[in-house]
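# Secondary and tertiary structure notes
The residues making up each chain are set out below.
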Amino acid sequence: MPVDPVRSIVIVGGGTAGWMTAATLAHYLHGLGCRIRLVESAEIGTVGVGESTIPPIISHLAALGIDENDLVRKIQATFKLSIEFKDWTRPGHSYLHPFGPTGFQRNGVDFTAYWLKCREAGVAPSLEAHSITAVAARQARFMRPVDLANSPLQHITYALHLDATRLAAYLRGYAETRGVARTEGKVRAVALRSEDGFIESIALESGERIEADLYIDCTGFRGVLIEDALETGYEDWTRWLPCDRAMAVGCERTGPLSSHTQALARDVGWQWRIPLQHRVGNGYVYNSQLVSDDGAREILLSGLEGKPLREPLALRFTTGRRRLSWNKNCVAIGLSAGFLEPLESTGIHLIQRGAFLLVSLFPDRSFRQADIDAYNRRMAFEYERVRDFLVAHYSQTHREGEFWRYCREMELPASLKERLELFRSYGRIIRDPAELFSEQSWFFILTGQDVRPAGYDPRAEDIPAGEMRQFLERIAEVVGRCAATMPRHEDFIAQNCAAPAL
Ligand SMILES: Cc1cc2nc3c(=O)[nH]c(=O)nc-3n(C[C@H](O)[C@H](O)[C@H](O)COP(=O)(O)OP(=O)(O)OC[C@H]3O[C@@H](n4cnc5c(N)ncnc54)[C@H](O)[C@@H]3O)c2cc1C
């Protein structure tokens, strides 16, 4: 059958999702002669949060040919090696979820098995001591990986902390230079084709009517196309992720520039701290039945390190995902496709995944159902696995209080229950290779949250604990020495990518 190419795409929404999708499509589809138009409404605005990312953003930017130092300079970004979870396990406790590989494999057995064995024998060095990104993050250091065989410095894996509004503006410049046309306007109505319910056109408040073959809904929580027009439906995950509001505010930076995000547990929910070059982003994520907005505002403001820069912004949300990310000739990307709270900084990553997957499964005008189904299965899997990872943080704690008791006692998703049972047995993590978070990410989180396996992988019996302890200590020592050679994060930025003074 001859291909009937898509000739026009309309993206509705100009937040991070809209402009990141526009930039990605403009880059990958430039040879197809397909017109891309983005409609956004300054009057509605964007959520304006979303400041902490995970490592795949680095390869995404590189794939688009974006110069990382130029981007960092222009969007006041900083570098991120890890997330610190403070007070999550119990008040006073702190652990890191560092990026990148840690330790070694020996005869196919992961280092974590040997570490568990040494811990059981009471001779294990701290888990963090084996991770270059954890040690560097604790010391507020940063540099990019270097190509040095056998050195932990080659394993440095990083992401960015960024100013969301500036990122969208940067990507807008990128997309417009590559031919994306922007229209300022508010979508007032969506017309559906009578024969199959596909979107036929959108009407703007100005009276203009726009037709396209493919529509991308990046309208945020509203879901103007995917929900208001197509009534796709939403799967609500509040029973597992019970926070439904956030209060966000920037404040002045007071101390040295850290190279990790902080997630600080609170009596009801948690608070983020994200260091940028010109300010620190803060937000309190909470359950509105257990704390009022005024109460949340006070908790947020009393937990700031520096002077607030404006009044806190309140946001409401329902965690979950759209039943179908792609419905007929409309693909939802960003908050319109679902929302998982920012505990592991996955929002922007899910936008990237949505945009890349759309490129991989790019349709023609016949919109074959097999491609649509493949896209929806893949995105559902991505959302569900990230959800399980987040729920693991909430449910495995020793914290007291109504909120945390609920999280501890709630019925878990079956997929997470199975994973926890397996971990509680021999400390093993078996995952689908396509999952976002690695075995080691799971290990750091579950160990950090004090989930104790009954034993360790029997294959780790191939070496006595005392001998293994010496080996682990040597690794920790090398990691420590290498981290000490890394520049301080703020010096690295000053030398490579400092933003001009505001
Ligand atoms: C509290 C909170 C914290 C977060 N923290 C992180 C984080 O640390 N890391 C991370 O990766 N992600 C985070 N996220 C997620 C991240 O913010 C979003 O994924 C990202 O900003 C994308 O938003 P969006 O573009 O989908 O929606 P929005 O920013 O809401 O943009 C919607 C766009 O649609 C337009 N629009 C809406 N209706 C219409 C209409 N009728 N006509 C025309 N235009 C319209 C708006 O004008 C706007 O341009 C966080 C989200 C929240 C809520």
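We now turn to the structure provided with this report. (Residues numbered from 1 in each chain as written. Predicted model: local features only at pLDDT ≥ 70, side-chain atom pairs only at ≥ 80, totals over all residues. Heavy atoms only, no water.)

This part is about the overall build of the protein. Scanning the protein from N- to C-terminus turns up 15 helices and 23 strands. Taking 502 residues into account, the globule formula puts the C-alpha radius of gyration at 23 Å, and the protein, at 23 Å, falls close to it. Structurally, the protein occupies a C-alpha span of about 75 × 50 × 50 Å along its principal axes. The buried share of the protein, taken over its 502 residues, is 57%. Nonlocal contacts in the protein, meaning residues at least 24 apart in sequence, comprise 78% of its contacts between residues at least 6 apart. When the accessible area of the protein is evaluated, it comes to approximately 20,600 Å², of which 49% is carbon and sulfur surface. (Helix = DSSP H or I, 4+ residues; strand = E, 2+ residues; numbered from the N terminus. Rg over C-alpha atoms; globule rule 2.2 N^0.38 Å. Buried < 20%, exposed > 50% of the residue type's maximum accessible area, 1.4 Å probe, protein only. Contact = heavy atoms within 4.5 Å. Areas by Shrake-Rupley, 256 points an atom, 1.4 Å probe, with all protein chains shown as cover.)

This paragraph deals with the site of the ligand. The environment of the ligand is formed by 36 residues, the closest being Gly14, Ser41, Ser52, Val187 and Ile348. Residue Gly45 places a main-chain N or O atom 3.2 Å away from an oxygen atom belonging to the ligand. At 3.2 Å from an oxygen atom of the ligand is found a main-chain nitrogen or oxygen belonging to Gly347. Protein contacts shield 97% of the accessible area of the ligand, which totals 1,000 Å² for the unbound molecule. Looking at the shell around the ligand, the elements that each hand over two or more residues are α1 (16–28) and α9 (347–360). When residues of the shell around the ligand are assigned to their parent elements, the largest contribution, three residues, is made by α9. (Near = heavy atom within 4 Å. Polar contact = N/O pair within 3.5 Å; in protein donor to acceptor, adjacent residues only side chain to side chain.)

Bringing the sheet that holds strand β17 (residues 269–275) into the picture now. Reading across from one edge, β5-β4-β16-β17-β18-β15-β19 is the order of the seven strands in this open sheet, with mixed pairing throughout. In the strand order of this sheet, the two ends are held by β5 (94–98) and β19 (313–316), each with one partner. Along the sheet, successive strands turn relative to each other by an average axial angle of 20°, direction set aside. Pairing analysis gives five bridges linking strand β16 (residues 260–266) to β17, with the strands arranged antiparallel. The residue bridging Ala263 from the neighbouring strand is Trp272, located in β17. Along the sheet, helix α13 (residues 439–448) makes contact with β4 (82–86) and β5, crossing β5 at roughly 175°. (Pairing = 2+ DSSP bridges. Axes fitted to C-alpha atoms, helices over the stretch in contact; angles between N-to-C directions.)

Two side chains of opposite charge can pair, provided their charged atoms sit close to one another. This model, assessed by the stated rule, comprises 44 salt bridges. In this structure, Glu176 and Arg172 form a salt bridge, with 3.3 Å as the shortest nitrogen-oxygen distance. In this pair, Glu176 and Arg172 both sit in helix α6 (residues 164–177), four residues apart, roughly one turn of the helix. Where Arg273 meets Glu305, a salt bridge forms, and the shortest distance between an N and an O atom there is 3.6 Å. (Salt bridge = Lys/Arg side-chain N within 4 Å of Asp/Glu carboxyl O.)

With that settled, the discussion passes to helix α2 (residues 56–63). All buried positions along α2 are accounted for by Ile57, Ile58, His60 and Leu61. Across the axial projection of α2, the buried residues extend over an arc of 165°, all falling on one side. One or two steps after α2, the chain reaches Gly65, where phi turns positive at roughly 80°. (Arc of directions from axis to C-beta.)

Position of Glu384 relative to the elements: it lies in helix α10 (residues 369–395). Along the primary structure Glu384 and Ile57 are separated by 327 residues, whereas in three dimensions their C-alpha atoms are 20 Å apart. Among all residues touching Glu384, those that are not within four sequence positions of it are Trp237 and Arg321.

In this section: the pairing of strand β1 (residues 8–12). Put simply, side chains in a regular strand alternate between the two faces of the sheet. Burial runs high along β1: five of the five residues are buried. The side-chain alternation of β1 yields two buried faces, one formed by Ser8, Val10 and Val12 and the other by Ile9 and Ile11. In this structure, β1 lies alongside strand β2 (residues 35–40), joined through five bridges in parallel fashion. Its bridge partner being in β2, Ser8 is matched across the sheet by Arg35. Considered for its hand, the β-α-β crossover made up of β1, α1 and β2 is right-handed. Two elements, β1 and strand β13 (residues 214–217), share four bridges in a ladder whose sense is parallel. Its bridge partner lying in β13, Val12 is registered against Asp217. (Right-handed = clockwise from strand over helix to strand, strands pointing away.)

Now for the packing of aromatic side chains. For the structure on display, the rule yields 27 aromatic pairs. Ring geometry for Phe85 versus Tyr95: centroids 5.3 Å apart, planes at 20°, classification stacked. Here the residue Phe85 occupies a position in strand β4, and Tyr95 occupies one in strand β5, the gap between them amounting to ten residues. When the centroid spacing of 6.0 Å and the interplanar angle of 25° are considered together, the rings of Phe104 and Tyr114 count as stacked. With Phe104 in the loop between β5 and β6 (105–106) and Tyr114 in helix α4 (residues 111–120), the pair connects residues that are ten residues apart, well separated along the chain. Judged by its relative accessible area of 0%, Tyr114 falls in the buried class. Following the ring pairs from residue to residue traces out a cluster consisting of Phe85, Trp88, Tyr95, Trp270, Trp272, Tyr394, Phe403 and Trp404. (Phe/Tyr/Trp six-rings, centres within 6.5 Å; stacked < 30°, edge-to-face > 60°.)

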